[in-house]
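Breakdown of the fold
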Amino acid sequence: MSTNSPRTPQQHLGSPFGARSTAKDVLAGIDLAGKTAIVTGGYSGLGLEAVRALHDGGAAVVVPARRPEVAAQTLSEAGLDDVEVASLDLADQGSVQAFAESFLGSGRSLDILINNAAVMACPETRVGPGWEAQFATNHLGHYALTNRLWPALTAKPGARVVALSSTGHKLSPIRFEDPQFSTGYDKWKAYGQAKTANALFAIELDRLGADHGVRAFAVHPGGIMTELQRHLPVEEMRAAGWINEQGKVNEIFKSPAQGAATSVWAATSPLLEGLGGVYCEDCDVAEPTDLDSPTARYAGVDAHAIDADAAQRLWQLSAELTGVNAF
């Protein structure tokens, strides 16, 4: 057992919500008036549904977007004209710095940060100083964003940071010997590593941030058919059983509103008061993966994604790569 094991065990809390709950459901009776939230990727798929729920719950919501014009139009069409849109490219560390400085310059505190945006299974792509795009966008961009926003997150107690992981984490631990896939690029292993990184990031952020009043959670939203699949050929999705020959989506998939529920739950649920540093799924804390179960591939959290020593090591690597560390 690591001496730095997570403070909160991976065990169900007995949440009244589940796999088919929606983001609106989990906010029943919760008033977010006076709170400010940032949701990356908050203009499509489950990100949009998280924004809708938080906005309707009374929060002021900011959506940083790589395509701000598209984001503004989409949010307006969704009846969310008063959601603030700003420019942010998570694959560009300079863009991350510019967005964070602009937000901090507004003098606002930040109550909820949902690191939702992601790319999945893309062709080999290099960004910044040659970083692998999925690791750079899904993890390093959000790592730097959170650290740069730290003054706003600590401006008043009770802030929560939610990192979107997924069962993709089961595809690969962190490849500390070659995190940038300098040789042998595999789009699914690269995605898996990035999702493991999201989970480990939440563990270490929670360890570092708890004494400052900031708690962090990793979330598996569930399988949802969204723009995240844009790099996947139809044949590959058929072979995986995600869609049938007629293109109908498998019934195991959630709707975007259901997919957003666990993120919103982790960001707001009173059940999580005093807790943090855990991986959540289906609106509850997930149990460790039962490797002998037929559901092992898509339920529970694997040991390598909640390894506190790996989380510390990843944080140090991320700090070295980005030159950013709030601690």
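Okay, so let's go over this structure. In this text the structure is predicted, and so the values were computed from the model without any measurement.

Here's the deal with the overall build of the protein chain
Per the secondary structure count, the protein chain includes 11 helices and 10 strands. Across the 327 residues that make up the protein chain, the buried fraction comes to 55%. Of the contacts made within the protein chain by residues no fewer than 6 positions apart, 76% connect residues no fewer than 24 positions apart. Total accessible area computed for the protein chain in this model is approximately 13400 Å², and 51% of it derives from carbon and sulfur atoms.

Notes on the environment of Gly 107
Relative to the helices and strands, Gly 107 is located in the loop between helix H4 (93-105) and strand S4 (112-115). Placed 48 residues apart in sequence, Gly 107 and Ala 155 show a C-alpha to C-alpha distance of 9.6 Å.

Comments concerning the pattern of salt bridges
For the coordinates displayed, the defined rule picks out 10 salt bridges. The partner of Asp 111 in a salt bridge is Lys 156, and the shortest N-O contact between them spans 3.4 Å. Taken together, the positions of Asp 111 in the loop between H4 and S4 and Lys 156 in the loop between helix H6 (150-153) and strand S7 (160-164) put the pair 45 residues apart, joining distant regions of the chain. Overall, Asp 111 belongs to the buried group, its relative accessible area being 5%. Taking relative accessible area as the criterion, Lys 156 reaches 33% and is therefore assigned partly exposed. In this structure, Glu 204 and Arg 207 form a salt bridge, with 2.7 Å as the shortest nitrogen-oxygen distance. Here Glu 204 and its partner Arg 207 are both found in helix H7 (residues 187-209), 3 residues apart, which amounts to about one turn of the helix. You can call Glu 204 buried: its relative accessible area is 4%. What makes Arg 207 partly exposed here is its relative accessible area of 35%.

Conventions adopted
Residues numbered from 1 in each chain as written. Predicted model: local features only at pLDDT ≥ 70, side-chain atom pairs only at ≥ 80, totals over all residues. Heavy atoms only, no water. Helix = DSSP H or I, 4+ residues; strand = E, 2+ residues; numbered from the N terminus. Buried < 20%, exposed > 50% of the residue type's maximum accessible area, 1.4 Å probe, protein only. Contact = heavy atoms within 4.5 Å. Areas by Shrake-Rupley, 256 points an atom, 1.4 Å probe, with all protein chains shown as cover. Salt bridge = Lys/Arg side-chain N within 4 Å of Asp/Glu carboxyl O.

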